[in-house]
Structures are given as C-alpha cells and as structure tokens.
Amino acid sequence: MNLKKIIGVFALILFIASCGSDRTREEKLAAIISQIESPYFMVNVNAGDLIKKSGVLNGALPFMFEQIADGYMDAEKTGIDVQTNLQVVIGDNGASFPSVYGLFKLSNEKAFREFLEEEAGLEILEMDKFAYASSVNEGYVVVWNEEFVMVNNIPFNMESLYSGEGEMADVETVKNCIQLLKTANKAEINDTYLTFIEKEGDANFAFDGKNFYQFLNRASNGANDELISQKDKIEALKLEMALNFNDGAINLNVASLADKDVSGEYNVFMESGIRKSLMNLGLSKHPVMAFAFNLNLDKISDLFEENFPREFKELKGDVFSASNLRFEDIKAASTGEFLVLVDNVKFSKKDILYGDEKINGKFALVFGIEDKASILKLIPDSLKENMNGVMRLGEANIFVNDDYLFASNDSLWATKIASGNGVSLTSVQEWDESKPFNFSLNCEPLTRYSDFDEANAVLSLLTYITMQADSEMFNLDISFKNKEINALRNMIESVGRKMTGMDKMEREFENAVEEGDIEDMIELLDQVAN
C-alpha cells in the first residue's frame, strides 16, 4: 500500500471517529431511538425545570414530604442528572405488550450504584463493558455506561401471563439495551426524532400512527380483520403535544402532523368558526359554560354511513318515519353551527332526607339555519302562528329567524333574544372566532357546589378553562386566580395539602421529631411512602 492510500485510509478513520465522538447528546438519542422497533409514542421531559417550577424541594411541600422527594430527585443521591431532559419511548419488542424505554443522563456513577443497591436492593453486574441490574419480580432492567442510563421492561407474552410464569428474559433484555446504547455513535441520526428531542418546553409528546399500527398488527399476528380495515385511519394519526406550566396558567397544545390528503377524509370540522350573529345570544357577560362548534354535516353523515351502515339505515328510516321527516331535511335545515350555553347556575340546599344538592341553571341550545323552510318542517303546525315571537314546546322556549334557531329552558332569555337584546360572548370568553371548536368554562360558580368535594380544591384555584380546535390543532388553557406563582406549584401547595391531609401529618411528624419518638416518625414515613 503506497503512502497516499495509507494517508487516505487514516483520514477516513479519523473522519468516522470524529463523526461519532462529536455528536451531541440529542443526536445520540435520535440515533438510539431510530433503532427501537416501531417507536410509536415518545416523551421528552425537562425534569429539572419541572422540579424547580413545582417547588417540591423549595417549600411547596411540608417538611416531611420534601425530605422524601429530595431522596428521589437530588442528583447527588441518585446519580441522575435531572437538569438534562429525560426521554420515554414506547415501541415493539416482539411480545404481547409494548416495550417501554426510559433514557436518562448519568452524572455520578458511584451515587447511582449506591442508590440501586441500597434503595432498590438490586445486584449490579457487568456485561460487554456495560453495567446492569435487573428485577425479574418487578419486570425491568437497568443498563448504563458513562453517559446513558436505560431502563426497560422485561417482555412477556399472554401465555406466560395466564400461566403465572414469567419469561425470565431479563438477560436478553439487557443484551438488547446494550446493543441500542452502542448505536449512539454509529446509527444514522433520525432528523424527525432529533427535531422532537430538541424542542423546548416542560414536556413534549409525540405519537406515530404508522408505527402504532405496525405494533398492533404484529401483536395480533396479522389476523385481526377489523384492525386491518382500520389501517388507513390509524396510520393517518400523527400528533405532537406540548405541555407547559407557566405563572398563573397551564397550556396544552396538540398539533396534527398527518398528511392532509389522508387526514382530510376524516376531518368533520368546517374551516371557520360560527357566525358572529350567533355570538350575540348570551344571557349575561359571564356564562358558566359556552360551547360552540361548526361541523361538516355531510362529512359526518358519510363517515357514519361508512362505519355504522346498519345504525345509519335505522337513523334514516325508523327514527324519523313517524314524523314524516327525512334525514336529508335535518341536514338541509342546519349549517352545522351549534352553540350550547349554561348560565345563572345556582345550587339549592341539601335535601334533608337524601342529603343531595340540586343544580339549577338556565340553558340554551342554538342551531345555525341554512334553510328556514327546512326548519319549518321540524316545528309542529300548531306553533307556526307564533313564528315571529317565542314559541313554547314542552319545557323549551323557541325563537327562530333566518340565521338561527334558539331554544332555552328560560322564557325571559328567549324573549331577550327575540327582541335582539342578547349579550355578546366575544369579549367575555376570549374565543378564537376563526376556529370551528371553542369551549369555555367559568370555574368560580362551580365552587359553590359542595358535592364536588375534592374537585373544589382544584376549582377554587381557577378562573377559566378554555379550549380551541380545528383539523390541525387543539389548544387547552387553564387559567389560575394567582398569577404570581407557577401553576404547578400552586396546585401542589393548595391541592396536595387538602387532598392528602399533609397539614395534619406534618404537625404529627414535627411533634414526633421534637419528642424524639423514632417509632412514630418511622410510622408516619411509612404512611407517606405507601
């Protein structure tokens, strides 16, 4: 071999080595995940940020609970770097149930070994220059090197589950984890996984319908005809979710990344929100609940007929035959715009005999009208003489014009709408009018309902819960009364104490410490741990 070839081979070796060694942690993770069989659900969590926001190690919890949390979250005690994002990946492993992988960053191997031996009671072994520990009874293995810690469940099949005998496949699971970790510097970096891992925020989630279908089909040995018939629908699902805890608010955003040509076949939403004329039908400025959606009735009808042909035939025939109405009349009468309103909710005193508390409120249901003539077919002839005013049909007070049909259990509300004096909902609910789905819940009135019990501990912290959605996104916002502290800490401080009796247990623990009663201290700690 001449000098040029030697230099060329040496340069190639250096290039390959540098490509592997220069990879970022995120790139290594993207390479590892790409080697997992059919990874269909991924989680990327900023654990350190959540710990800081929650205040669990900074006074949000009573002293006793804080000490327990500290034992599992302190990197000096666990050896795990919680300031670096952790990942959870769910995929296939050839068994009846999915395989769950947890990926963490190792910061102190000595502390980590002590944690596994003393806290988990595990024996640490070595294989192929990797350290590992396993618990067959608990069904998991832990494998690590100088950078990564991987936790994986031991697979088992339905046969072993029913027989009560585990597959005892811990060694094979360890080998699989080792092979995956070895690919960090060798396997191709998957750009999709890398983009996901690099996303900022408290917690991000991703779901891949194609990989999920592969897992389901393999688990059923390809013999599930119903599953196969739903293949296109399942594979069309591709979602990313972001959950963030901010000062005074929690936000969850879900984005659909599915192919629009495929997902469009199952989209039942119209492109825009309900008309502004329907947004002026409120009773007051602060309704308890408002729910609006704009649906494609033709698409819903087609999907219903395709997936439930027998039920659809009954709906078209038997249900409406007695009233001489055709299903097409129902579709022709409505634009697909619907608005549900709840207002003036009051709670009566508890019944002396049964102890129940009754909820009384004013309700309204609004339908957008496409064709008034079609609507007239739905209204009994005896009421049509009152078409210019409010009609009474059972408990419903109905008003109809060219834009909508309004029905309420409150006659004064219906009269108010008929006279054009409805209250605008736009400024109150802070809806995105461009979205075909909007929901808002005013939490304050609900806290007066004592039968909600523990739920009141949550509701008392909140002002509004709002949601918006269209064919490509869903957004949930939970607004807190206290805007000065993080919502996660707010919940832990206010809800945790009330729902678990922390205050009482903390006082008992403090008394036990002052009196030097070791037995009581241990008993209280056992109560918390269990």
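Please refer to the structure higher up on the page.
The rules behind each value
Residues numbered from 1 in each chain as written. Predicted model: local features only at pLDDT ≥ 70, side-chain atom pairs only at ≥ 80, totals over all residues. Heavy atoms only, no water. Helix = DSSP H or I, 4+ residues; strand = E, 2+ residues; numbered from the N terminus. Buried < 20%, exposed > 50% of the residue type's maximum accessible area, 1.4 Å probe, protein only. Contact = heavy atoms within 4.5 Å. Areas by Shrake-Rupley, 256 points an atom, 1.4 Å probe, with all protein chains shown as cover. Phe/Tyr/Trp six-rings, centres within 6.5 Å; stacked < 30°, edge-to-face > 60°. Pairing = 2+ DSSP bridges. Arc of directions from axis to C-beta. Polar contact = N/O pair within 3.5 Å; in protein donor to acceptor, adjacent residues only side chain to side chain. Salt bridge = Lys/Arg side-chain N within 4 Å of Asp/Glu carboxyl O. Core = buried A, V, L, I, M, F, W, Y, C linked by side-chain atoms within 4.5 Å. 1 Å grid on protein atoms, 1.4 Å probe; cavity = no way out; pocket = protein on both sides within 12 Å on 5 of 7 lines; lining within 4 Å. Points joined across faces, edges and corners; volume = space filled by probe spheres on them. Nonpolar A, V, L, I, M, F, W, Y, C, P; charged D, E, K, R; others polar.

(A) Examining the overall build of the protein more closely. From N to C terminus, the protein includes 24 helices and 19 strands. Within the protein, the fraction of its 530 residues that count as buried is 42%. In the protein, 67% of the contacts between residues at least 6 apart in sequence involve partners at least 24 apart. Of the roughly 28900 Å² that the protein leaves accessible, carbon and sulfur atoms contribute 53%.

(B) Representation of the packing of aromatic side chains. Under the defined criterion, the tally for this structure stands at 13 aromatic pairs. Ring geometry for Phe291 against Phe439: centres 6.0 Å apart, planes inclined by 75°, an arrangement best described as edge-to-face. Here the residue Phe291 occupies a position in strand β11 (residues 289-294), and Phe439 occupies one in strand β17 (residues 437-442), the gap between them amounting to 148 residues. On the basis of relative accessibility, which here comes to 24%, the residue Phe291 falls in the partly exposed class. On the basis of relative accessible area, Phe439 is assigned to the buried category, the value being 13%.

(C) Structural context of the pairing of strand β16 (residues 404-408). Of all five residues that make up β16, five are buried, and the element is covered over most of its length. Side chains Tyr404, Phe406 and Ser408 of β16 all project onto a buried face; the interleaved residues Leu405 and Ala407 project onto the opposite face, where all are buried too. For strand β15 (residues 396-400) and β16, the ladder comprises four bridges, and the chain directions are antiparallel. Within β16, the position partnered with Asn397 by the bridge is Ser408. A loop of three residues connects β15 with β16, the two strands running antiparallel in sequence.

(D) Highlighting helix α6 (residues 109-118). Every buried residue belonging to α6 is among Ala111, Phe112, Phe115 and Leu116, and all of these are buried. Taken around the axis of α6, the buried residues stretch over an arc of 135°, which confines them to a single face. In this structure, α6 carries Lys110 and Glu118 as exposed residues pointing more than 90 degrees from its buried face. Two to three positions downstream of the cap, the backbone nitrogen of Lys110 sits 3.1 Å from a side-chain oxygen, assigning the N-cap of α6 to Asn108.

(E) Broad picture of the pattern of salt bridges. With the rule as written, the count across this model stands at 18 salt bridges. Between Asp410 and Lys362 there is a salt bridge whose closest N-O contact spans 3.8 Å. Taken as a pair, Asp410 in the loop between β16 and α19 (411-418) and Lys362 in strand β13 (residues 359-369) lie far apart in primary sequence, 48 residues in all. For Asp410, a relative accessible area of 11% corresponds to the buried category.

(F) Summary view of the nonpolar core. In terms of nonpolar packing, the biggest core is built from 35 residues, with Leu462, Ile465, Ile478 and Phe480 touching the most fellow members. Beyond its immediate sequence surroundings of up to four residues, Phe480 is in contact with Gly248, Ala249, Ile250, Leu461, Leu462, Thr463, Ala487, Asn490 and Met491. Among the nonpolar cores identified, the runner-up in size contains 27 residues, and Leu29, Val89, Ile178 and Ala206 belong to it.

(G) Broad picture of helix α2 (residues 25-34). Where burial is concerned, most of α2 is hidden: seven out of the 10 residues are buried. For α2, the set of buried residues is Arg25, Lys28, Leu29, Ala30, Ala31, Ile32 and Ile33.

(H) Main features of the side chain of Asp81. Structurally, the position occupied by Asp81 is in the loop between α5 (75-78) and β2 (86-91). Within the local environment of Asp81, its side chain forms a polar contact with the backbone nitrogen of Gln83, the two atoms lying 3.0 Å apart. If we skip the residues at most four places from it in the chain, Asp81 touches Lys105 and Ser107.

(I) Representation of the layout of surface pockets in the model. In this structure, the second largest pocket occupies an estimated 390 Å³ of space. Taken together, 19 residues line the second largest pocket, and the ones lying closest to its centre are Ile80, Phe104, Phe112, Phe115 and Val151. Residue assignment for the lining of the second largest pocket shows that the elements contributing at least two residues are α4 (63-73), α6, β6 (140-144) and β7 (148-153). When residues in the lining of the second largest pocket are grouped by element, the largest group, three residues, is from α6.

(J) Empty space enclosed by the protein, seen in detail. A complete count under the given rule lists two cavities of 30 Å³ or more for this structure. Reported here for the largest cavity is a volume of approximately 50 Å³. Classifying every residue of the lining of the largest cavity gives five nonpolar, two polar and two charged. The calculated volume of the second largest cavity comes to roughly 30 Å³. At three residues, strand β12 (residues 334-347) tops the list of elements feeding residues into the lining of the second largest cavity. When grouped by side-chain class, the residues that make up the lining of the second largest cavity number six nonpolar, two polar and one charged.

(K) Inspection of the environment of Asn204 at higher detail. Among the secondary structure elements, Asn204 is positioned in strand β8 (residues 203-208). Sequence separation between Asn204 and Val45 is 159 residues; the distance between their C-alpha atoms is 6.4 Å. Sequence-distant contacts of Asn204, defined by excluding residues within four places in its chain, comprise Met42, Val43, Asn44, Phe196, Lys199, Met241 and Ala242. Of the polar contacts made by the side chain of Asn204, one reaches the backbone oxygen of Glu200; its length is 3.3 Å.

(L) How the structure looks around the pairing of strand β9 (residues 238-246). Pairing analysis gives six bridges linking β8 to β9, with the strands arranged antiparallel. Paired with Asp208 across the bridge in β9 is Lys238. Bridge count between β9 and strand β10 (residues 249-256): eight bridges; the pairing is antiparallel. Counted as the bridge partner of Asn244 is Asn251 from β10. Turn length for the β9-β10 hairpin, with the two strands adjacent in sequence and antiparallel, is two residues, and the turn residue Gly248 shows positive phi of about 80°.

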